[in-house]
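So the chains spell out like this:
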Amino acid sequence: MNVLLDNLHLFRDGFLGTVSLTAASAVLALVLGVLIAGFRVSPVPPLRAFGTAWVTLLRNTPLTLLFLVAFFVLPQIVFPGISSYVLGVLALGFYTSSFVCEAVRSGINTVPLGQAEAARSLGMTFAQTLRTVVLPQATRSVLAPMSSIMIALTKNSAIAGAFNNFELFDVQKVLSDKGFNVLVIFVWVALAYLVLVFLVSGLFRLLERRLEVAR
Amino acid sequence: MSATVLFDAPGPKARLRNRVCGVAGTLVLLALVGFAVYRLAAKGQFDGAMWDIFNYAGVRNSIVQGLLSTLQAFAMAGVLSLVLAVLLAVARLSDHRAVSLAATGVIELFRAVPLLITIYVLWVAAFTSQPLWAVVFGLTLYNGAVQAEVLRAGILAVPKGQSEAAYALGMSKPQVMATVLIPQAVRAMLPTIVSQLVVTLKDTSLGFVITYEELLYAGRQMANTILVGGENPYVPVVLVFGAIYVAMCLALSALAHWIERRGRRAKTGIAVADAESATPDPGAVGGRAG
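Note that this is a predicted model, so its numbers are computed, not measured.

**What about the overall build of chain A?**
Phase 1 of the analysis: Each helix and strand counted, chain A has 9 helices and 0 strands in total.
Phase 2 of the analysis: Taken from the N to the C terminus, the helices and strands of chain A come in the order α-α-α-α-α-α-α-α-α.
Phase 3 of the analysis: When its C-alpha atoms are laid out on the principal axes, chain A stretches across 70 × 45 × 25 Å.
Phase 4 of the analysis: Counting all 215 residues of chain A, 47% fall into the buried class.
Phase 5 of the analysis: When contacts within chain A are restricted to residue pairs at least 6 apart in sequence, those whose partners lie at least 24 apart make up 76%.

Right, dumping it as structure tokens:
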């Protein structure tokens with residue numbers, strides 16, 4: 001108990017660090033993921049090919065390697081001196097976007113065929129069909145996989161901790177270096193992650209209930 | 001719904017528009033890639049000398065050594081995690097409440113905690129001088145918990161008549177589990193199990209953080225220590241090591257898809273699961289399945 005109480009500010013900072021990393025990269029992943037999913041079902045072949053390449057490449061690369069790219073290659077391309085927070089969010093967001101894209105795409109597949117056909121016969125364009133008819137209905141079936149993706153993102157943000165960001169992994173690291181019992185710290189850090197995981201899944205369950213419709 | 005349902009067969013106008021969109025999109029992409037290549041080339045990352053490092057025996061050796069270490073950790077963790085998964089899945093389905101509660105606790109705990117933290121704690125607490133075992137046991141605990149849930153789902157999907165028939169024949173509980181339920185569950189869940197093995201393979205790269213000398217660590221060392229014309233060869237190293245990882249993962253994913261297709265071909269037994277796991281790790285449902 002002392003480990004927690006004596007280092008409460010450290011745990012608080014770590015917790016908030018994890019939350020802010022997760023939230024920022026979740027937003028980036030959602031925006032990018034939906035956009036790339038749109039690319040993957042679009043009528044323009046080059047965009048479809050780009051979407052496929054994006055997903056295949058990012059899904060089969062270890063996240064740690066993406067972090068190396070973000071921290072060592074990216075600064076050379078744009079400009080050096082980007083904060084490690086931004087780089088971490090970029091790596092996490094890009095990695096997660098490929099999974100979001102696949103979830104959205106399989107969500108699009110669950111919308112009944114007639115919906116898109118009806119939209120088309122009303123003369124709607126591809127963008128209109130997708131935006132006003134298909135995506136809103138896909139949202140419901142996307143929520144469940146999206147919840148898993150966001151939980152995984154929460155846990156993956158620990159890797160950012162190894163790259164110069166302060167979050168719960170660093171709490172573990174700093175306190176172990178200070179000589180506290182590793183297993184006791186582990187229990188508290190694990191508890192913090194359990195809380196986060198339950199928060200995320202609770203949030204999604206709430207959303208699911210809100211969006212539920214009688215079929 | 002296939003993608004083609006979302007838009008009409010293009011007429012002359014739409015075809016022109018699509019072509020314009022396609023060309024514009026391609027140009028933007030090419031411009032971005034071109035900009036990246038230009039900037040990197042300006043730093044000398046594409047010079048012949050920079051890529052010449054892969055001609056040295058030492059560099060090649062360390063790539064092979066890294067690859068072998070990665071595969072070693074992957075093989076050990078893969079086997080051990082499957083063993084642990086069977087134990088945990090059977091324990092969670094046990095009729096004894098204490099056993100099943102304990103198994104549930106272990107599964108939920110290790111699925112919710114980031115693998116990196118598990119590995120780090122194992123490293124500091126027990127395996128400071130043998131990072132290999134920290135990586136292997138960390139991967140085993142995490143993936144064992146995840147695979148246990150996969151197996152449990154498979155066992156629960158076996159029709160009830162199967163176990164009822166087995167009990168009616170006078171089989172004992174272990175016999176029913178070992179000879180009737182688990183074989184069918186494994187067969188049905190094999191694609192998902194192999195997909196999770198892909199995750200295991202990718203996660204061996206976390207050993208990098210605790211200085212286990214696997215593939216990514218070898219790459220990092222190489223990029224940090226070799227200097228060509230005053231620059232570190234980050235780009236060649238990232239491209240080469242990225243290609244190795246992607247190739248390994250794609251090969252394993254292809255295996256999962258092949259197994260899935262084979263399973264679909266057979267009309268007997270329970271339905272074969274999807275190899276496509278749309279989540280960064282399929283076990284990430286922590287807290288959802290209570």
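This is not the end of the story, as more comes after the structure.
**Some remarks on the overall build of chain B**
Phase 1 of the analysis: Helix and strand counts for chain B stand at 10 helices and 0 strands.
Phase 2 of the analysis: Beginning at the N terminus, the succession of helices and strands in chain B can be written as α-α-α-α-α-α-α-α-α-α.
Phase 3 of the analysis: Its C-alpha atoms give chain B a radius of gyration of 24 Å, more than 25% over the compact-globule value 19 Å for 290 residues.

**Quick look at the packing of helix α3 (residues 57-92) of chain B against helix α4 (residues 97-112) of chain B**
All names here are of chain B.
Phase 1 of the analysis: Between α3 and α4, the least distance of the axes is 7 Å, while the angle of their chain directions is 130°. Of the possible angle classes, the one that applies to α3 and α4 is oblique. Every pair of crossing elements has a handedness; the one defined by α3 and α4 is left-handed. Seen from α3, the contacting residues are L88, A91 and R92; seen from α4, they are V99, S100, A103, T104, V106 and I107.
Phase 2 of the analysis: Here the contact of α3 with α4 is composed, by residue class, of 6 nonpolar, 2 polar and 1 charged.

**Topic: the interface of chain B and chain A**
Phase 1 of the analysis: Contacts between the two partners involve 53 residues from chain B, matched on the other side by 60 residues from chain A.
Phase 2 of the analysis: Elements supplying a minimum of two residues to the side of chain B that touches chain A: α1 (12-42), α4, α5 (115-125), α9 (215-225) and α10 (234-265) of chain B.

**What about the domain arrangement of chain B?**
Phase 1 of the analysis: Domain boundaries in chain B define domain 1 (12-42) and domain 2 (53-265).
Phase 2 of the analysis: Relative to domain 2 of chain B, the C-alpha centre of domain 1 of chain B lies at a distance of 39 Å.

**Here we look at the environment of L88 of chain B**
Residues and elements named next belong to chain B.
Phase 1 of the analysis: With respect to the helices, strands and loops of the structure, L88 is situated in helix α3.
Phase 2 of the analysis: A residue is classified by how many C-beta atoms lie within 10 Å of it, and L88, with 26 of them, is buried.
Phase 3 of the analysis: Along the sequence, L88 and A148 sit 60 residues apart, while their C-alpha atoms lie 5.8 Å from each other.
Phase 4 of the analysis: Setting aside residues up to four positions removed in sequence, L88 forms contacts with A103, V106, I107, G144, A145 and A148.

**Details of α4 of chain B**
Phase 1 of the analysis: Look at α4 of chain B: 22 Å from first C-alpha to last across 16 residues, which is about the 22 Å you get at 1.5 Å a residue.
Phase 2 of the analysis: Among the residues making up α4 of chain B, those that are buried are A103, I107, F110, R111 and A112 of chain B.
Phase 3 of the analysis: Against the buried residues of α4 of chain B lie α9 (182-211) of chain A together with α3, α5 and α6 (131-157) of chain B.

**Quick notes on unusual backbone geometry**
Phase 1 of the analysis: Despite not being glycine, N164 of chain A shows a phi value in the positive range, around 70°.
Phase 2 of the analysis: As for its position among the elements, N164 of chain A is in the loop between α7 (126-161) and α8 (168-177).

**Points about the environment of S148 of chain A**
Phase 1 of the analysis: Along the polypeptide, S148 of chain A turns up in helix α7.
Phase 2 of the analysis: Taking the C-alpha atoms as reference points, S148 of chain A and V200 of chain A, 52 residues apart in sequence, are found 9.0 Å from one another.

**Things to note about the confidence of the model for chain B**
Phase 1 of the analysis: When pLDDT is averaged across chain B, the result is 83; 91% of the residues are at 70 or more.
Phase 2 of the analysis: Counted against residues more than four places away or in other chains, residues 282-290 of chain B, with its pLDDT under 50, gives 27 contacts.

**Details of the nonpolar core**
One broad trend across soluble globular proteins is that nonpolar side chains are buried collectively.
Phase 1 of the analysis: Ranked by internal contacts, the top residues of the largest apolar core, which has 133 residues, are A91, V189 and Y193 of chain A together with L116 and I119 of chain B.
Phase 2 of the analysis: No other element matches the 14 residues that α7 of chain A contributes to this core.
Phase 3 of the analysis: When near neighbours in sequence (up to four residues on either side) are disregarded, Y193 of chain A contacts K155 and L168 of chain A together with A112, V113 and P114 of chain B.

**Remarks on the environment of A188 of chain B**
Phase 1 of the analysis: One can find A188 of chain B in helix α8 (residues 173-203).
Phase 2 of the analysis: Between the C-alpha atoms of A188 of chain B and A153 of chain B, which are 35 residues apart in sequence, the distance is 9.8 Å.

**Structural notes on the packing of α3 of chain B against α9 of chain B**
Residues and elements named next belong to chain B.
Phase 1 of the analysis: Relative to each other, α3 and α9 sit at 155°, their axes nearing to 7 Å. It follows from the interaxial angle that α3 and α9 lie roughly antiparallel. Contacts from V59, S62, I63, Q65, G66, L67 and T70 in α3 reach L215, Y217, A218 and M222 in α9.
Phase 2 of the analysis: For the contact of α3 with α9, the residue count by class is 7 nonpolar, 4 polar and no charged.

Conventions we followed
- Residues numbered from 1 in each chain as written.
- Chains lettered and ligands numbered in written order.
- Predicted model: local features only at pLDDT ≥ 70, side-chain atom pairs only at ≥ 80, totals over all residues.
- Helix = DSSP H or I, 4+ residues; strand = E, 2+ residues; numbered from the N terminus.
- Buried ≥ 20, exposed ≤ 12 C-beta atoms within 10 Å, placed from the backbone.
- Contact = placed C-beta atoms within 7 Å.
- Rg over C-alpha atoms; globule rule 2.2 N^0.38 Å.
- Axes fitted to C-alpha atoms, helices over the stretch in contact; angles between N-to-C directions.
- Parallel < 35°, antiparallel > 145°, perpendicular 65-115°, else oblique.
- Left-handed = near helix turned anticlockwise from the far one by under 90°.
- Nonpolar A, V, L, I, M, F, W, Y, C, P; charged D, E, K, R; others polar.
- Domains from an automatic or database assignment.
- Expected span 1.5 Å × (residues − 1).
- pLDDT = per-residue confidence, 0-100.
- Core = buried A, V, L, I, M, F, W, Y, C linked by C-beta atoms within 7 Å.

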